[in-house]
Amino acid sequence: MSDCCSTNVNQVTFMRRDEIKARQLPNELNQLPVAVIGGGPVGMAAAAHLVVKGEPFILFEAGNEIAGNIANWSHVRLFSPWQYNIDKAAKSLLEASGWTAPNDDVLPTGGELIEQYLRPVSQLVQIQPHIHYNAKVIAISRKGLSKVKTLGRDKLPFVIHVEVNGDRKTFEAKAIIDASGTWSQPNPANSEGVWTSDELALSDQITYGIPDVTGKHKDQFKGKRVLVVGSGHSAINSLLDLERLKEEAPETEIVWIIRKANLRDVYGGQENDSLQERGTLGIRIEKMVENGNVEVYTSFNIDTFSKNENTISVEGHQYGKIARIDGIQEIISNTGSRPDLDFLREVRTDIESSIESVHSLAPLIDPNIHSCGTVRPHGEKELRQPEHNLYIVGAKSYGRAPTSLMATGYEQVRSVVAALTGDWEAATKVELDLPETGVCSTGNLLNSSNVVVGKTAECCGGAVLNEKRVSVSAPTNSSCCS
Ligand SMILES: Cc1cc2nc3c(=O)[nH]c(=O)nc-3n(C[C@H](O)[C@H](O)[C@H](O)COP(=O)(O)OP(=O)(O)OC[C@H]3O[C@@H](n4cnc5c(N)ncnc54)[C@H](O)[C@@H]3O)c2cc1C
């Protein structure tokens, strides 16, 4: 053994004993609350489950109100009716407080979801005192240890660094449930996913999200040549709203760029979708294309933007050739969003490298393989991170995959909270009543030059469902979602 190593043996032994002594504080750790990051539907559901289990908690919400992300698209109507949008633990607490549940079959807007459900949850006496508003989590660590140090870290409190109304504060917690979503971190329109200087320079003319084009943002879009980029539900909502604006102001021109080669892949399950409204979105957008109300560019990948006086030119490549669209006055970018992983830098996570989801979820939700949009039930076990008692849930657990549903998040936090409170039987019994998208066909898997390189998943009905559509067993012979 070399000199340097023999010298270190004593030092290491001493350090370890010292660390163990100083850091083994199980009782103190147990007295700390669970910290929930994000006051969206899934964070609020986590709070409700913690209340039901009698577990102390603190919740940090970056916005000055509950559900800051949903407030951003409050005018948009959801495609799932109330029966899928309310968490069971939250419902039991609300009903005990005299709240009346909305009609199961009605589709709320984002605003109604907040008004009729999320705000009442946030105002419950068991929840309200524990919410910190204008509180943006900017870092999480283990008390006194860097991420590199292993020994004893499971027994240490988490330290949460929070910007509260501009001031930096720290809080301690025994566990973390990160439900901070992805909506506030939009992807750029640029096809490489990089924020280029030309795109950043157009911040006045590019809206990321779903503007209220027939309401408060009407003047911005009325009579203009508007480009929508993207092919998910957000883009479809933006396009259908613009079509309504065009009825009122026929000079409005609508241009649509999608990266997919086939519009069929955008239309979804239509009549076969168990959620009627989600299917209807596909039917309506197909009609809009057929009616010629939108100028469509398929397989178009944006490379650069350039500004010419008041209009924008978009240059890209389409089917292997350079292509250009001129005269754009406003852009709505709906190319999805990505999780904020920065504040998790000092804790140990296992994030899948392509879609940035919780690793074990990636094979279930990877949009390269799955077009179906539904995912089989999963819980604490799949969501477990290398950092003990850290969980990433809700939309953030799906990373860049756009298919998360509230009901999936509710089941995730039910299982996670059960595990955190020692109820392992409930934690492992994962059940989910999720409507299928009806997209069950095999499609071609294309590479970036639109060459067929394989097939997409064959079906979406892998899980065995009982008559109540509760998944009673996970698929064994399919890597497909269910
Ligand atoms: C237009 C649209 C329509 C949709 N329709 C449906 C539907 O019909 N049915 C359905 O089931 N799902 C639908 N979804 C998906 C659904 O909205 C999401 O699955 C759901 O909002 C995820 O909830 P969440 O709590 O995980 O995240 P979010 O709702 O995104 O909430 C995250 C919260 O965390 C806060 N936050 C973010 N960063 C921080 C931080 N650093 N510190 C503190 N707080 C932070 C945010 O302000 C926000 O309030 C729709 C989504 C969109 C965009």
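Just so you know, these numbers come straight off a predicted model, no measurement behind them. (Residues numbered from 1 in each chain as written. Predicted model: local features only at pLDDT ≥ 70, side-chain atom pairs only at ≥ 80, totals over all residues. Heavy atoms only, no water.)

(A) Focus on the overall build of the chain. For the chain, the helix and strand inventory stands at 15 helices and 20 strands. Scored against the burial criterion, the 482 residues of the chain give a buried share of 50%. Accessible area of the chain: about 22,600 Å², with a carbon and sulfur share of 48%. (Helix = DSSP H or I, 4+ residues; strand = E, 2+ residues; numbered from the N terminus. Buried < 20%, exposed > 50% of the residue type's maximum accessible area, 1.4 Å probe, protein only. Areas by Shrake-Rupley, 256 points an atom, 1.4 Å probe, with all protein chains shown as cover.)

(B) Fine view of the pattern of salt bridges. Tallied over the full model, the rule gives 21 salt bridges. Where lysine 222 meets glutamate 248, a salt bridge forms, and the shortest distance between an N and an O atom there is 4.0 Å. You can see lysine 222 sitting in the loop between α8 (218-221) and β9 (225-229) and its partner glutamate 248 sitting in helix α9 (residues 233-248), a full 26 residues away along the chain. Residues aspartate 326 and arginine 324 are paired through a salt bridge, measuring 2.9 Å at the closest nitrogen-oxygen approach. Accessibility expressed as a relative area gives 39% for aspartate 326, which makes it partly exposed. Judged by its relative accessible area of 46%, arginine 324 is partly exposed. (Salt bridge = Lys/Arg side-chain N within 4 Å of Asp/Glu carboxyl O.)

(C) Highlighting the sheet that holds strand β4 (residues 135-142). Reading across from one edge, β4-β5-β6 is the order of the three strands in this open sheet, with antiparallel pairing throughout. In the strand order of this sheet, the two ends are held by β4 and β6 (167-173), each with one partner. Neighbour-to-neighbour, the strand axes of the sheet open up by a mean angle of 25 degrees, direction not taken into account. (Pairing = 2+ DSSP bridges. Axes fitted to C-alpha atoms, helices over the stretch in contact; angles between N-to-C directions.)

(D) Main features of α9. For α9, with 16 residues, the first-to-last C-alpha span of 23 Å sits near the 22 Å given by 1.5 Å per residue. Taken residue by residue, α9 has Ala235, Ile236, Asn237, Ser238, Leu239, Leu240, Asp241, Leu242, Glu243 and Leu245 as its buried positions. Check the buried side of α9 and you find it contacts α8, β9, β10 (253-257), α10 (264-267), α11 (276-290) and β15 (330-333). (Expected span 1.5 Å × (residues − 1). Contact = heavy atoms within 4.5 Å.)

(E) The arrangement of the environment of threonine 170 in detail. Within the fold, threonine 170 resides in strand β6. For threonine 170, a relative accessible area of 51% gives the class exposed. In this structure the C-alpha to C-alpha distance between threonine 170 and phenylalanine 158, which are 12 residues apart in sequence, comes to 10.0 Å. Excluding its chain neighbours within four sequence positions, the residues that come into contact with threonine 170 are Val159, Ile160 and His161.

(F) Quick peek at the pairing of strand β2 (residues 57-60). Burial of the side chains of β2 extends over both faces: Phe57 and Leu59 are buried on one face and Ile58 and Phe60 on the other. In this sheet, β2 lies alongside strand β1 (residues 34-37) in parallel orientation, the contact comprising four bridges. Residue pairing across strands places valine 34 opposite phenylalanine 57, the latter belonging to β2. On the question of chirality, the crossover connecting β1 to the parallel β2 by way of helix α3 (residues 41-52) is right-handed. One ladder, built from two bridges, connects β2 with strand β3 (residues 131-132); its direction is parallel. In the strand pairing of β3, phenylalanine 60 is matched with histidine 132. (Right-handed = clockwise from strand over helix to strand, strands pointing away.)

(G) Here's a closer look at the sheet that holds strand β13 (residues 311-318). Strands sit in the order β12-β13-β14 across an open sheet of three strands; the sheet is antiparallel. Two strands close off the open sheet at either side, each with one partner strand: β12 (300-308) and β14 (321-328). For this sheet, the mean inter-axis angle between neighbouring strands, taken without regard to orientation, is 20 degrees. As paired elements, β12 and β13 share eight bridges and run antiparallel to each other. For threonine 304, the partnering residue across the bridge sits in β13 and is glutamate 315.

(H) Just the site of the ligand, in detail. Around the ligand there are 32 residues in total, and Glu61, Asn69, Phe79, Ser80 and Val137 lie nearest to it. One nitrogen or oxygen atom from the side chain of glutamate 61 is found 2.6 Å from an oxygen atom belonging to the ligand. Here valine 137 contributes a backbone N or O atom positioned 2.9 Å from a nitrogen atom of the ligand. In isolation the ligand offers 1,000 Å² of accessible surface; the protein chains occlude 92% of this area. Taken together, the elements giving at least two residues each to the shell around the ligand come down to α3, α4 (68-71) and β4. Taken together, the residues of the shell around the ligand break down into 19 nonpolar, 11 polar and two charged. (Near = heavy atom within 4 Å. Polar contact = N/O pair within 3.5 Å; in protein donor to acceptor, adjacent residues only side chain to side chain. Nonpolar A, V, L, I, M, F, W, Y, C, P; charged D, E, K, R; others polar.)

(I) View of the packing of α3 against helix α5 (residues 88-96). It is at 8 Å that the axes of α3 and α5 come closest, and there the two elements cross at 65 degrees. As summarised for this structure, α3 and α5 are arranged roughly perpendicular, according to the angle between their axes. For the pair α3 and α5, the crossing hand works out as left-handed. Contact with α3, carried on its side by Ala48, His49, Val51 and Val52, involves Ala89, Ala90, Ser92 and Leu93 of α5 and no other residues of that element. Here the contact of α3 with α5 is composed, by residue class, of six nonpolar, two polar and no charged. (Parallel < 35°, antiparallel > 145°, perpendicular 65-115°, else oblique. Left-handed = near helix turned anticlockwise from the far one by under 90°.)

(J) Spotlight on the confidence of the model for the chain. Summarising the model, the chain shows a mean pLDDT of 86, and 83% of its residues fall at 70 or more. Note on residues 440-482: pLDDT under 50 across the span, and 95 contacts to partners over four residues away in sequence or across chains. (pLDDT = per-residue confidence, 0-100.)

(K) Representation of the side chain of asparagine 190 within the structure. Tracing the chain through its elements places asparagine 190 in the loop between β7 (175-178) and α7 (197-200). Ignoring anything within four residues of it in the chain, the contact list for asparagine 190 reads Thr196, Glu199, Arg259, Ile302 and Asp303.

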